[in-house]
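# Coordinate analysis (summary)
Listed below are the residues making up each chain.
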Amino acid sequence: MRRSRAISVVATCVTLALVAGCSSSGSTNGSKKSGSSGGASSQQFPVNINAGGTPKRGGTLHMLGTGDVDYMDPNISYYSVGYLGLRMWSRQLLTYPAVVGKTTEVVPDMATQVPTASNGGVTDGGKTIKLTIKKGVKWDTTPARQVTGADLVRGFKRACNPAEPFGGMPDFESLIVGLAQYCAGFAKVDPKSASAIAGYANKNNIAGVSVDPSNPLGVVYKLNTPASYFVDMLAMPVFSPSPKEYDKYIPAGAELAQHTISDGPYKITKYSPTKEIDFARNAAWDPATDSVRKAYVNNVVVNETGNQDTIQTQLQANAPNADMEWDAFPSNTTVPSLLQKKDKNLNVTATFGITPYLVFDSVSPNNGGAMKNVAVRRAVTEAINRQHLTVDLSGSAVSPPLTHVLPAGISGAKDNSSPNPYPYDVKKAKSDLAKAGHKQLTLKILYRSAKADSKAIFLTLQQDFKAAGINVVGQGVPNADFYTKYLQVPSVDKNGTWDIAIASWGPDWYGDAAKSFFAPLLYGNNGGSGTAFPPNGSDYGFYNNAQVNKLTDQASSQASAAAAGKLWQQADKVAMKDAALYPITTPNQPNYHAAHVHNTIPIPAYQVPDPTNVWLSSS
């Protein structure tokens with residue numbers, strides 16, 4: 001998701017197990033065993049729902065965290081924490097249900113049904129997709145107003161705005177008819193003028209996104225080629241509707257964040273960035289139109305000023321105003337003991353991502369631009385002990401090692417017999433660095449200082465690199481700034497602020513979802529249309545290989561997931577040969593809650609139990 005961050009073809013073994021027990025399952029945070037391939041551990045973890053009897057309505061759910069959403073804007077947010085916040089006040093066409101075993105399968109949210117060929121929602125050989133909004137889905141305006149197809153079109157038009165474009169544009173920019181041309185024109189608009197941005201969007205159309213001419217509550221998407229995964233993509237918030245009132249604000253801007261309009265069960269009553277978010281019931285929400293969110297609690301209060309260890313202590317103690325995690329998870333030193341005693345308030349769930357992974361900044365000027373050199377990147381990866389890093393991440397049972405781009409559970413993933421392209425070898429690393437003209441390097445590592453695992457990985461890398469003659473300087477930054485002020489800003493990538501970043505990535509959808517790794521992360525495309533270079537995409541290191549780009553294009557246009565999978569495997573092999581990035585693990589995500597929180601069903605897209613479906617008992 002999308003930075004941790006996202007099935008017409010359901011994953012072959014989609015479970016809520018901490019580590020899925022079949023060769024095709026995986027997890028967003030993925031862990032690994034040193035020297036092994038990307039397969040997951042065979043160990044499984046039960047889902048601790050904490051049913052607790054008959055659900056009760058009422059009360060305030062207190063969520064505790066250490067950081068903020070990326071943007072308070074459904075069409076722009078591209079972060080798992082942002083998606084978690086949106087779950088409460090923004091509805092999508094399709095979404096993921098809080099149902100054990102089905103949390104990665106799309107179901108209708110605002111839409112009346114999941115479009116298929118059999119129900120007439122998918123036609124023209126898979127190139128035309130139609131959906132209809134349920135009657136009664138309304139904006140929290142005065143008076144409340146029905147959400148329409150025009151709102152859906154308006155929302156999607158905002159995605160590639162020039163001020164803050166959606167980071168996953170490469171997922172679909174070349175797929176949807178006319179979108180690339182529309183976005184090319186949008187890029188020329190003044191990014192500091194809300195009126196200019198709205199003016200362009202209102203005067204220009206995307207040929208492949210329109211209101212259904214026979215139904216004002218309908219929307220029609222037209223694709224350049226069939227795409228078996230497109231329907232699953234519609235669960236992404238970027239496809240959310242946008243009310244006309246948003247035309248007054250710059251997309252993803254601070255002013256818009258204070259004037260949000262809800263169509264979900266809750267509305268935002270207070271937002272103090274990096275400090276607090278308060279949600280209260282939305283009177284315009286009709287539960288009859290929402291089969292996904294039960295909205296048991298009356299209010300949700302998010303405190304973003306905590307720290308990981310203190311939050312865990314409060315939750316375990318069932319302290320007042322401490323119910324669930326926001327973006328803070330049990331520390332890696334805590335998880336083993338919780339697992340050993342089979343703590344019923346702990347869940348460990350598959351995430352189907354690569355979290356964390358290392359980004360190499362190929363445009364950094366440091367060390368004479370050394371990171372641009374493939375030979376240098378290969379030598380750097382040889383100096384990394386993956387086993388040491390998985391120890392930092394609660395061990396290989398929770399964080400099985402990953403040595404390729406695609407984790408298990410994603411179409412095109414390598415199987416367990418695939419060799420590790422860069423096994424740990426300090427002597428070879430030193431030799432290869434010298435051959436590349438760098439007997440010594442000084443690398444700046446960017447990490448999130450409030451995340452214990454991120455800090456631990458930085459310290460381990462610092463120690464391991466030293467043995468290979470690589471010096472390390474740490475660049476610790478706040479969680480909320482990591483992407484928005486560093487990785488997504490091209491000038492920061494290019495000015496030497498960092499050489500390696502400890503990033504996170506989750507799929508934008510599941511199963512047939514390899515494109516949601518390659519298109520946003522590795523699709524350089526020579527800087528042309530559809531490039532994944534920031535800020536349009538999430539290719540933070542500006543990696544670019546014509547062969548990977550070509551394979552991505554070919555795989556994305558296959559009608560068969562099996563045929564696409566073979567091409568994704570080729571792309572994976574080329575990218576790893578280039579040391580385009582360094583995968584650490586395809587982890588399972590531990591999360592914890594207080595004993596009085598019930599119906600705690602984790603959803604991989606949010607990495608925590610769904611707050612719109614939990615209920616509270618008297619503590």
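The paragraphs below set out a description of the structure included in this document.

Cut-off values and rules
Residues numbered from 1 in each chain as written. Predicted model: local features only at pLDDT ≥ 70, side-chain atom pairs only at ≥ 80, totals over all residues. Heavy atoms only, no water. Helix = DSSP H or I, 4+ residues; strand = E, 2+ residues; numbered from the N terminus. Rg over C-alpha atoms; globule rule 2.2 N^0.38 Å. Buried < 20%, exposed > 50% of the residue type's maximum accessible area, 1.4 Å probe, protein only. Areas by Shrake-Rupley, 256 points an atom, 1.4 Å probe, with all protein chains shown as cover. Lys, Arg positive; Asp, Glu negative; His and termini not counted. Charge placed at Lys NZ, Arg CZ, Asp CG, Glu CD. Pairing = 2+ DSSP bridges. Arc of directions from axis to C-beta. Contact = heavy atoms within 4.5 Å. Axes fitted to C-alpha atoms, helices over the stretch in contact; angles between N-to-C directions. Parallel < 35°, antiparallel > 145°, perpendicular 65-115°, else oblique. Left-handed = near helix turned anticlockwise from the far one by under 90°. Nonpolar A, V, L, I, M, F, W, Y, C, P; charged D, E, K, R; others polar. Phe/Tyr/Trp six-rings, centres within 6.5 Å; stacked < 30°, edge-to-face > 60°. Lys NZ or Arg CZ within 6 Å of the ring centre and 35° of its normal.

Quick look at the overall build of the protein now. Helices and strands together make up the secondary structure of the protein, namely 18 helices and 24 strands. Computed over its C-alpha atoms, the radius of gyration of the protein comes to 23 Å, within 12% of the 25 Å expected for a compact globule of 619 residues. In terms of overall dimensions, the protein has a C-alpha envelope of 70 × 55 × 45 Å along the principal axes. For the protein, the proportion of its 619 residues judged to be buried stands at 63%. Accessible surface computed for the protein: about 20700 Å², of which carbon and sulfur atoms make up 51%. Within the protein, one finds 56 positive and 46 negative side-chain charges whose respective centroids are separated by 3 Å.

Pairing geometry for strand S10 (residues 266-272) and strand S11 (residues 276-281), over six bridges, is antiparallel. Paired with Lys-270 across the strands is Asp-278, a residue of S11.

Turning our eyes to something else, we now look at helix H7 (residues 308-316). Every buried residue of H7 is accounted for by Gln-308, Ile-311, Gln-312 and Leu-315. Buried residues of H7, viewed axially, fall in a sector of 100 degrees; they line one side. For H7, the secondary structure elements touched by its buried residues are strand S1 (60-64), strand S13 (324-325), helix H8 (335-340), helix H13 (452-467) and strand S20 (588-592). Remark: Asn-318 follows H7 within two positions and exhibits a positive phi of approximately 50 degrees.

Attention now moves to the packing of helix H16 (residues 515-522) against helix H18 (residues 561-577). Packed helices, taken two at a time, are described by the angle between their axes plus the distance between the axes. Interhelical geometry of H16 versus H18 gives an angle of 40 degrees and a closest axis separation of 11 Å. Viewed along their axes, H16 and H18 adopt a mutual orientation that is oblique. Crossing geometry of H16 relative to H18 is assigned as left-handed. Listed contacts from H18 to Lys-515, Phe-518 and Leu-522 of H16 are Trp-568, Ala-571, Asp-572 and Ala-575. A per-class count over the contact of H16 with H18 returns five nonpolar, no polar and two charged.

All told, the structure shown has 21 aromatic pairs when counted by the stated rule. On the basis of an interplanar angle of 85 degrees and a centroid distance of 5.0 Å, the ring pair of Phe-482 and Tyr-483 is categorised as edge-to-face. Note on accessibility: Phe-482 and Tyr-483 belong to one class, buried. Ring pairs connect the aromatic residues Tyr-78, Phe-156, Phe-166, Phe-172, Tyr-221, Phe-230, Phe-239 and Trp-505, which therefore count as one cluster. The ring of Phe-482 has Arg-448 sitting right over it, with the charged end atom 4.6 Å from the ring centre.

With eight of eight residues buried, H16 lies mostly within the body of the structure. Every buried residue of H16 is accounted for by Lys-515, Ser-516, Phe-517, Phe-518, Ala-519, Pro-520, Leu-521 and Leu-522. The secondary structure elements touched by the buried residues of H16 are strand S15 (354-360), strand S18 (500-505), helix H17 (546-556), H18 and strand S19 (581-583).

Read from one edge to the other, the open sheet built from four strands follows the order S4-S5-S9-S8, with strand pairing classed as antiparallel. Edge positions in the sheet fall to strand S4 (122-123) and strand S8 (209-211), since each of these pairs with one other strand and no more. Running at roughly 160 degrees to S8, helix H2 (residues 149-157) makes contact with S8 and strand S9 (218-222) of the sheet.

Any link to function would need more than the numbers given here.
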